[in-house]
Amino acid sequence: MSWWEITADTLAASRFAVSPLAETTAALKLLERASAADPGERTWLAAHLPAYRACLAADPVTARLVRAGLGGSWNATFLTPTPDATEPDFARELDRLASTAPAVARADLAEALGGPLPAELDRPDLPQRAAELLDRVWRHTVQPDWPRRRRILECDILVRTARLAHGGWESALDELRPGMRWLGASRLRITLRDQPPRELAGTRLLFVPVTPSQGWLAWDQHRHAVIYPCTGALADAGSAAPPEALARLLGPARARVLVLLETPLSTTHLVALTGQPLGSVGRHLRVLHDAGLLRRRRSGRLVLYGRTELGNALVGGRD
């Protein structure tokens, strides 16, 4: 078991943040592992995996670089730089990675491999090759869908911060990633694997959600970060489509709100997920509630809406 020792000042200054590069790296890890955690990922892999494999087949050096840097139990550090909450911009984040000193990149890869660097990777252009591949993954698989992905990430952050306000750090951080748990006494268990504990005094602590089912840890001398997969219900919800018959009955926008509420959410969460204006979401919720399809309850400062049995039955109907 390994944990991070977090001072009160570090914990007070910690925050959740969005990182386009982390999202793209998670997409790259998903492509490399080619193993889907849910139907949405299976559909995504079916759409993008053939082109990714063709790209690497034409560039065996980059293919070897990705396998060495992301294919084992330890990531090459330069391939997973610590996000900077002050610059959630893909180009700036990618420039930081591309500017890695070649010697540092080679040392990171050797550490990830746990042995000597293969001869084909003993070259000075590894950071540029990694940046070019990540840029391709961004442009072809993430950027076209970025507005929806960002809404899902922001919704996850809203849910986590609501838990933080209501139940403290234990509620917000437990099971953020496999093995993670708030132990109390300033200790955050980060993994079940045996590793030396780390003291985080004087650094900034970030929690960064991604929509693929991938996660990792990152740190440098100024920041520590936990990159974690979004809550499953939220990650799936971004692409949830209402049954055709339900959409005809209620209208597509209102039907989608009802479908999303399998997990209780607030008005703000629904605005983030659907992209609909606040007033429209409020009207949909009022109509659905008055019709007996939703119930509402208060959680701290939030009012959460969830489906009633009647609402579940209506969503579960067949065309």
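Figured I'd write up the structure that's included with this text.

The rules behind the values
Residues numbered from 1 in each chain as written. Predicted model: local features only at pLDDT ≥ 70, side-chain atom pairs only at ≥ 80, totals over all residues. Heavy atoms only, no water. Helix = DSSP H or I, 4+ residues; strand = E, 2+ residues; numbered from the N terminus. Rg over C-alpha atoms; globule rule 2.2 N^0.38 Å. Buried < 20%, exposed > 50% of the residue type's maximum accessible area, 1.4 Å probe, protein only. Contact = heavy atoms within 4.5 Å. Areas by Shrake-Rupley, 256 points an atom, 1.4 Å probe, with all protein chains shown as cover. Salt bridge = Lys/Arg side-chain N within 4 Å of Asp/Glu carboxyl O. Axes fitted to C-alpha atoms, helices over the stretch in contact; angles between N-to-C directions. Parallel < 35°, antiparallel > 145°, perpendicular 65-115°, else oblique. Left-handed = near helix turned anticlockwise from the far one by under 90°. Nonpolar A, V, L, I, M, F, W, Y, C, P; charged D, E, K, R; others polar. Core = buried A, V, L, I, M, F, W, Y, C linked by side-chain atoms within 4.5 Å. Pairing = 2+ DSSP bridges.

1. Things to note about the overall build of the protein
At step 1: When helices and strands are counted, the protein shows 14 helices and 11 strands.
At step 2: Taken over C-alpha atoms, the radius of gyration comes to 21 Å for the protein, in line with the 20 Å a tight globule of 319 residues would show.
At step 3: Across the 319 residues that make up the protein, the buried fraction comes to 46%.
At step 4: Here the analysis covers contacts within the protein between residues at least 6 apart in sequence; of these, 63% occur between residues at least 24 apart.
At step 5: Approximately 14,900 Å² of the protein is accessible, and the part contributed by carbon and sulfur atoms is 52%.

2. Considerations on the side chain of threonine 80
At step 1: For threonine 80, the location among the structural elements is in the loop between helix H4 (60-70) and helix H5 (90-98).
At step 2: When its relative accessible area of 5% is taken as the criterion, threonine 80 is described as buried.
At step 3: Excluding residues within four positions of it along the chain, threonine 80 makes contact with Thr25, Leu70, Asn75, Trp216 and Ala218.

3. Section: the pattern of salt bridges
At step 1: Throughout the structure, instances matching the rule amount to 12 salt bridges.
At step 2: The partner of arginine 223 in a salt bridge is aspartate 220, with the nearest N and O atoms 3.1 Å apart.
At step 3: You can call arginine 223 buried: its relative accessible area is 14%.
At step 4: For aspartate 220, a relative accessible area of 26% gives the class partly exposed.

4. Let's talk about helix H12 (residues 267-274)
At step 1: In terms of burial, H12 is largely enclosed, as six of its eight residues are buried.
At step 2: What H12 keeps buried is the set Thr267, His269, Leu270, Ala272, Leu273 and Thr274.
At step 3: Downstream of H12 by a residue or two, glycine 275 has a phi angle that is positive, lying close to 75°.

5. Some points on the packing of H12 against helix H13 (residues 278-290)
At step 1: For the pair H12 and H13, the least separation of the axes is 9 Å and the interaxial angle reads 120°. Overall, the two elements H12 and H13 adopt an arrangement that is oblique. H13 is crossed by H12, and the crossing has right-handed handedness. Each of Thr267, Leu270, Val271 and Thr274 in H12 lies in contact with H13, whose residues at this interface are Leu278, Val281 and Leu285.
At step 2: Of the residues in the contact of H12 with H13, the class split is five nonpolar, two polar and no charged.

6. Quick word on the nonpolar core
At step 1: By size, the foremost hydrophobic cluster in this structure holds 77 residues, and its most contacted members are Leu173 and Phe207.
At step 2: With residues up to four places along the chain from it excluded, the contact list for phenylalanine 207 reads Ser14, Arg15, Phe16, Ala17, Trp169, Leu173, Leu176, Leu188, Val226 and Tyr228.
At step 3: Counting residues in each nonpolar core, the second largest holds 11 residues, with Ala17, Ala22, Ala26 and Val210 among its members.

7. Examining the sheet that holds strand S8 (residues 223-229)
At step 1: Strand order in the open sheet formed by four strands is S2-S6-S8-S7, with mixed pairing between adjacent strands. Across the chains shown, the open sheet's two edge strands, defined by having one partner strand only, are strand S2 (15-16) and strand S7 (216-219).
At step 2: With seven bridges connecting them, strand S6 (residues 204-210) and S8 associate as parallel partners. Residue pairing for S8: arginine 204 is matched across the bridge by arginine 223.
At step 3: Docked against the sheet, helix H2 (residues 20-33) engages S6 and S7, running at close to 55° with respect to S6.

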